[in-house]
Amino acid sequence: MTMEPSAVEAQAAATTPAARSSTMDARPPKGPLVEVQDLVKYYPILGGFLRRHIGDVKAVDGVSFEVKEGEVFGLVGESGCGKSTLGKTLIQLQPPTSGVARLDGEPIFGKKGKALKKLRRRMQIIFQDPVGSLNPRMPISDIIGEGLLAQADSENRWGDRKVRDKRVEDYLQAVGLRRDYTRRYPHEFSGGQRQRIGIARALALDPDFVVCDEPVSALDVSIQSQILNLLLDLRREFNLTYLFIAHNLSVVQYISDRVGVMYLGKLVEVADVAALYAHPLHPYSVALLSAVPDPDPRVRKKRLVLRGDVPSPAAPPSGCRFHTRCWLFEQLGNPENCTTIDPELREIGSGQRVACHWAERVPSSVVAAAVPSVEEPTEEVAASAGAPALSRAGDAGSSAGGITAAGT
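A few points on the structure. (Residues numbered from 1 in each chain as written. Predicted model: local features only at pLDDT ≥ 70, side-chain atom pairs only at ≥ 80, totals over all residues. Heavy atoms only, no water.)

**Section: the overall build of the protein**
For step 1, the next point in the chain: Each helix and strand in the protein was counted, giving 15 helices and 12 strands.
For step 2, the next point in the chain: For the protein, the residues scored as buried account for 47% of the 408 residues in total.
For step 3, the next point in the chain: Taking all contacts inside the protein whose residues are at least 6 apart in sequence as the whole, residues at least 24 apart take part in 66%.
For step 4, the next point in the chain: For the protein, the computed accessible surface area is about 19,500 Å², with 52% contributed by carbon and sulfur atoms. (Helix = DSSP H or I, 4+ residues; strand = E, 2+ residues; numbered from the N terminus. Buried < 20%, exposed > 50% of the residue type's maximum accessible area, 1.4 Å probe, protein only. Contact = heavy atoms within 4.5 Å. Areas by Shrake-Rupley, 256 points an atom, 1.4 Å probe, with all protein chains shown as cover.)

What follows is the structure, encoded as structure tokens:
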């Protein structure tokens, strides 16, 4: 006697990661999934006995970019430049001061109540700290299932404990963890396993867009590689779109399709990852890439050391915000427009956008000396060593900045 599957089992099967993957494969290609225009986020400074508004910390100041569907958009910059603030503001974890953002053409800001709750299913975040982002008093089934319970309705039936637990187990398995881990607590897992739980929590609601807020910065290098490869596998499986925030330029090079460079609350350069790492056009991008350590002894490059400290976002410099530390500004004899006019993000070349008045004057010799390059051994040397001639750094067959494609 064969038994018909129960309604609970049928609903659970319809919402498994594999089922969603098959439906995502059938989706037609689209344009930009996320569009951001003039995003501003200020934090007020209050002072005096009456706590009056005396100024603002300009964490994000007029940022515009777009993220195409299915791509990984990397965001890099120094600590305090506004990367994490941008990501959290974009998904409404904190309100913007001004600006416009759209998800698949639908406005993100200004929504409240049920409209915001519905939109949150399409946007999720993976936090930096795999320890602090998990409630130590809750089992894993409740940590991942909490969002499902909040978004439960009569259609998805996530309010049913059996349906919810089945979905939690499916996503634990999708991130490489055992299904029976649901009753364990966060302290019973390693740092890498905790981050996998955080990833499962973000994916359980079937999001289209995920903000990865430095998801590997707190992990060991070997674990970083596993998490990065896991994120890439999940992107392919579920057709995800990432905003990937990081400090490590090698990590960003490995995982990203396009990269945005931030400095003091503004985007200074946006380009395809290959173009940016081969030929950066903004003086700040050149200095950042010159600081990337490379374990390959064949790499020869010259470090560009920036003078002074990063200015305070509460009192940013006039004109170009980078001019107080810019090596090109000094070489060109301190042009006046650098100190008086804020440069716009303009396109130079094919798709490479730069916020610099003098980007065309960046010397190719300086870029060549700062960007890592490999001295290839001659055929005679390679033959005498019994090894083939090696390819240059950055070629398709080489690893990105020492990040190996370890298994997940």
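**Some words on the pattern of salt bridges**
For step 1, the next point in the chain: The tally for this structure, following the rule as stated, stands at 20 salt bridges.
For step 2, the next point in the chain: Members of the salt-bridge network, linked through shared partners, are Asp104, Glu106, Lys111, Arg122 and Asp208. (Salt bridge = Lys/Arg side-chain N within 4 Å of Asp/Glu carboxyl O.)

**Section: the sheet that holds strand β2 (residues 52–68)**
For step 1, the next point in the chain: The 4 strands are arranged β2-β1-β4-β5 in an open sheet whose pairing can be described as antiparallel. Two strands bound the open sheet, and with one partner strand each, they are β2 and β5 (106–107).
For step 2, the next point in the chain: Here 13 bridges tie strand β1 (residues 32–47) to β2, and the two strands are oriented antiparallel to one another. Bridge assignment links Val40 to a residue of β2, and that residue is Asp61.
For step 3, the next point in the chain: Set on the sheet, helix α3 (residues 83–90) makes contact with β1, β2 and β4 (98–103); between it and β1 the angle comes to about 115°. (Pairing = 2+ DSSP bridges. Axes fitted to C-alpha atoms, helices over the stretch in contact; angles between N-to-C directions.)

**Remarks on empty space enclosed by the protein**
For step 1, the next point in the chain: In total, this model carries 3 cavities of 30 Å³ or more according to the counting rule given.
For step 2, the next point in the chain: Approximately 100 Å³ is the volume found for the largest cavity.
For step 3, the next point in the chain: Along its surface, the largest cavity is lined by 14 residues, and Cys320, Cys326, Cys338, Cys356 and Trp358 are the ones closest to its centre.
For step 4, the next point in the chain: Across the lining of the largest cavity, the residue classes tally to 11 nonpolar, 3 polar and no charged.
For step 5, the next point in the chain: Put simply, the second largest cavity is a space of about 40 Å³. (1 Å grid on protein atoms, 1.4 Å probe; cavity = no way out; pocket = protein on both sides within 12 Å on 5 of 7 lines; lining within 4 Å. Points joined across faces, edges and corners; volume = space filled by probe spheres on them. Nonpolar A, V, L, I, M, F, W, Y, C, P; charged D, E, K, R; others polar.)

**Digging into the layout of surface pockets**
For step 1, the next point in the chain: By volume, the second largest pocket amounts to about 400 Å³.
For step 2, the next point in the chain: Residue lining of the second largest pocket: 18 residues in total, with Gln124, Ile125, Gly147, Arg201 and Leu205 positioned closest to the centre.
For step 3, the next point in the chain: Put simply, the parts of the chain that give the lining of the second largest pocket at least two residues each are β6 (123–126), α5 (140–150) and α7 (191–203).
For step 4, the next point in the chain: Per element, the largest residue contribution to the lining of the second largest pocket is 6 residues, and it comes from α5.
For step 5, the next point in the chain: Its residues assigned to classes, the lining of the second largest pocket shows 12 nonpolar, 3 polar and 3 charged.

That is the geometry; function is a separate question.
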